[in-house]
Amino acid sequence: MVTVCCFLIHLIRRNKFKFKRLLIFSSVVLFILQLIVVNGRFFVTSWDVHILFYSTIEPSSYFSIYPNNVFLEGLIVLVFTNVAKPLCDIFTTIVPVLNNTSANEVNYFIFVILNCVVTTLTCAMLTIIAKKYFGNKIAILSFIFVALFLGLNQWILVPYTDIYTMFFVTFMLFSYVYISNKSLKWFTIVFLTVIGFNLKPYVLFAFISIVLIHIITMNSIKLTKQLFKPLICIIVGFCLSLGLCIAVKNVNNFNVNSEGQFGATHYFMMGLNDESEGCYSADDVAFSRSFKTIDERRSANIDKAIERINQLHFDGLAFLIAKKIQSNFGDGTFMWEKDSDGKFNLMKLGNSQIINTIYDNIAPFSNLLWFIVLFGGVFIFKKSKYDKCLYILCLTLIAQGLFVTIFECGSRHIITYLPYYYLLSMFGWKNYYKWLMSKKCVMKLFVNKLSVT
């Protein structure tokens, strides 16, 4: 990785590079590095991921509570049935880390590789967006940072909705910024939104922000005309993506009890749990599961939430919110190994001592990268030509930040929008650089005047 970084910097300094070729080259190198990491550190985790891949609990019970995972489970079943199971012998033969494993591990491995693919594409799309606002050189250099921040983040080893939806929200912003054909643009955005929503509802924050900013910045006279033309494509995109999601969900051979679903009131109640500091609480899950209908559960959740607010009072509530903010934004590992009650690594298959040592001690470096990203966002203070994209980023992250502060918190829940934090930080650092250069110019003029006098 260091050699590649030096090579990129050398080419940029000599102005001997073509953006597309260098981006493709960098993406391929990143993907190869990801495969090396996967081979050296591959493992099977516990919590919800293990339930999805190994069906360790009764499916109807689990998916009635968490219906947002039904679509991902359908994809897992499809890949297992059509790829992992029939090709198990081939995978276990040619992939060293899969030697003497079952079709379940092969299926898990395939989805980890899918993680690598979508994170590499996410890094590439972010670099192309950066090119539009910061130029070729800064964009290529930024690929190095985003590759370390996202591409080689250890969460690529966990095949769950966080990484997949990160790709969808990035693709949505990329489509809005780069696709000039309005019909194709909105078809793509709607299509991605529906599929992303079926993986994790957080995707709606990006969609609503894009739509609102687009409407607000449009010429009111042309509003009707501009919205009418792509309307057919929006409807087609919605119908196709919805049909695809329904078809994938129907692959599953279990029934979902709609009365068992946990609604927003459950997560609001959980967010007020002072003992768990607003994070996941098994006791709260057991409490909500004790009610058989949605109405009973909703009423009990609201009563419990009000009770907790009354117990906390204003100062306790303020302190809880402060702890939740720290929990959401104070961990650059994004709750790595904190979502499983000490059983995060159930089956360790990758045995590279070097890679495992690096990632076992990577927390300080991850926190440093996250601090750089967050600190850059402080400098968003200046109007520029990229206002529309900047407003989308700000509105999305405000909505997402409020959500994880009000409801169940935890830094893992912001993984979906890490690309937006990264882009916002780039805009902020650019503003800081301009401000710094203007101060230097002022100082130079002041020194010159003093020398003349």
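Residues numbered from 1 in each chain as written. Predicted model: local features only at pLDDT ≥ 70, side-chain atom pairs only at ≥ 80, totals over all residues. Heavy atoms only, no water.

Trainee: Sorry if this is basic, but what is going on with the overall build of the protein here?
Mentor: What the protein contains, in helices and strands, is 20 helices and two strands. Each of the 453 residues in the protein was classed as buried or not, and the buried ones make up 49%. Taken as a whole, the protein presents about 22300 Å² of accessible surface, with 66% of it coming from carbon and sulfur. (Helix = DSSP H or I, 4+ residues; strand = E, 2+ residues; numbered from the N terminus. Buried < 20%, exposed > 50% of the residue type's maximum accessible area, 1.4 Å probe, protein only. Areas by Shrake-Rupley, 256 points an atom, 1.4 Å probe, with all protein chains shown as cover.)

Trainee: Would you mind showing me how to read empty space enclosed by the protein here?
Mentor: Vacant regions in the atomic arrangement are exposed by a probe of water-molecule size rolled over the atoms. Going through the model one piece at a time under the given rule, you end up with three cavities of 30 Å³ or more. Volume-wise, the second largest cavity comes out at about 40 Å³. Phe 149, Leu 150, Asn 153, Trp 155, Ile 163, Met 166, Phe 334, Ile 415 and Leu 418 are the residues that line the second largest cavity. Counting residues per element, the ones that place at least two in the lining of the second largest cavity are α8 (136-151) and α9 (161-178). In terms of residue class, the lining of the second largest cavity is made up of eight nonpolar, one polar and no charged. (1 Å grid on protein atoms, 1.4 Å probe; cavity = no way out; pocket = protein on both sides within 12 Å on 5 of 7 lines; lining within 4 Å. Points joined across faces, edges and corners; volume = space filled by probe spheres on them. Nonpolar A, V, L, I, M, F, W, Y, C, P; charged D, E, K, R; others polar.)

Trainee: In this structure, what is going on with the environment of Pro 201? I would like to understand it.
Mentor: Mapped onto the fold, Pro 201 is located in the loop between α10 (182-199) and α11 (203-217). Take Pro 201: its relative accessible area is 37%, and that puts it in the partly exposed class. The spatial distance from the C-alpha of Pro 201 to the C-alpha of Thr 165 is 9.3 Å, given a sequence separation of 36 residues.

Trainee: Honestly, unusual backbone geometry in this entry has me stumped. Any pointers?
Mentor: Glycine aside, negative phi is the norm for most residues, and most peptide bonds take the trans geometry. A positive phi angle, near 55 degrees, is found at Glu 277, a position not held by glycine. Along the chain, Glu 277 falls in the loop between α14 (264-271) and α15 (282-289). Judged by relative accessible area, which is 35%, Glu 277 ranks as partly exposed. Even without being a glycine, Met 335 presents a positive backbone phi close to 65 degrees.

Trainee: Please clarify how the pattern of salt bridges should be interpreted in this entry.
Mentor: Evaluation of the coordinates by the stated rule reveals six salt bridges. When the shortest N-O distance is used, the salt bridge between Arg 412 and Asp 162 registers 2.8 Å. Highlighted residues: Arg 412 in the loop between α19 (387-406) and α20 (418-452) and Asp 162 in helix α9, separated in sequence by 250 residues. By the burial criterion, Arg 412 is buried, and Asp 162 matches it. Through salt bridges with shared partners, a single network forms among Asp 162, Lys 200 and Arg 412. (Salt bridge = Lys/Arg side-chain N within 4 Å of Asp/Glu carboxyl O.)

Trainee: How should I be thinking about the layout of surface pockets in this particular structure?
Mentor: Put simply, the largest pocket is a space of about 1300 Å³. Secondary structure elements with two or more residues in the lining of the largest pocket: α3 (47-54), α4 (59-65), α11, α14 and α15. In terms of residue count, the dominant contributor to the lining of the largest pocket is α14 (four residues). A class-by-class count of the residues in the lining of the largest pocket yields 25 nonpolar, 11 polar and nine charged. Taken together, 16 residues form the lining of the second largest pocket, with Ile 138, Ser 142, Met 426, Trp 429 and Lys 430 sitting closest to its centre. Split by residue class, the lining of the second largest pocket holds 12 nonpolar, two polar and two charged.

Trainee: Explain a nonpolar patch on the surface to me, please; I cannot follow it from the model alone.
Mentor: Residues Phe 197, Leu 204, Ile 208, Leu 212, Ile 216 and Leu 395 make up a contiguous nonpolar surface patch of roughly 500 Å² in combined accessible area. For the nonpolar patch, the element with the most residues is α11, which contributes four residues. Tracing the sequence through the fold places Leu 204 in helix α11. (Patch = residues over 30% accessible without salt bridge, like charges linked within 9 Å, V, L, I, M, F, W, Y side chains within 5 Å.)

Trainee: I tried to follow the packing of helix α7 (residues 103-134) against α9 on my own but got confused; where do I start?
Mentor: In the contact formed by α7 and α9, the axes pass within 9 Å of each other and the chain directions differ by 30 degrees. In terms of orientation, α7 lies roughly parallel with respect to α9. Classified by chirality, the crossing of α9 by α7 is left-handed. Across the contact of α7 with α9, the residue classes break down as 18 nonpolar, four polar and two charged. (Axes fitted to C-alpha atoms, helices over the stretch in contact; angles between N-to-C directions. Parallel < 35°, antiparallel > 145°, perpendicular 65-115°, else oblique. Left-handed = near helix turned anticlockwise from the far one by under 90°.)

Trainee: Can you walk me through the nonpolar core in this structure?
Mentor: One recurring pattern in soluble globular proteins is that nonpolar side chains are buried together. If you look at the biggest cluster of nonpolar residues, it comprises 118 residues, and the most contacted ones within it are Phe 149, Trp 155, Val 158, Leu 173 and Tyr 417. Ranked by the residues each element gives to this core, the list is headed by α7, at 18 residues. Those residues in contact with Val 158 that lie beyond four places of it in its chain are Phe 43, Thr 45, Trp 47, Val 49, Asn 115, Ile 163, Trp 336 and Phe 344. (Core = buried A, V, L, I, M, F, W, Y, C linked by side-chain atoms within 4.5 Å. Contact = heavy atoms within 4.5 Å.)

By themselves, these observations are geometric and do not establish any function.
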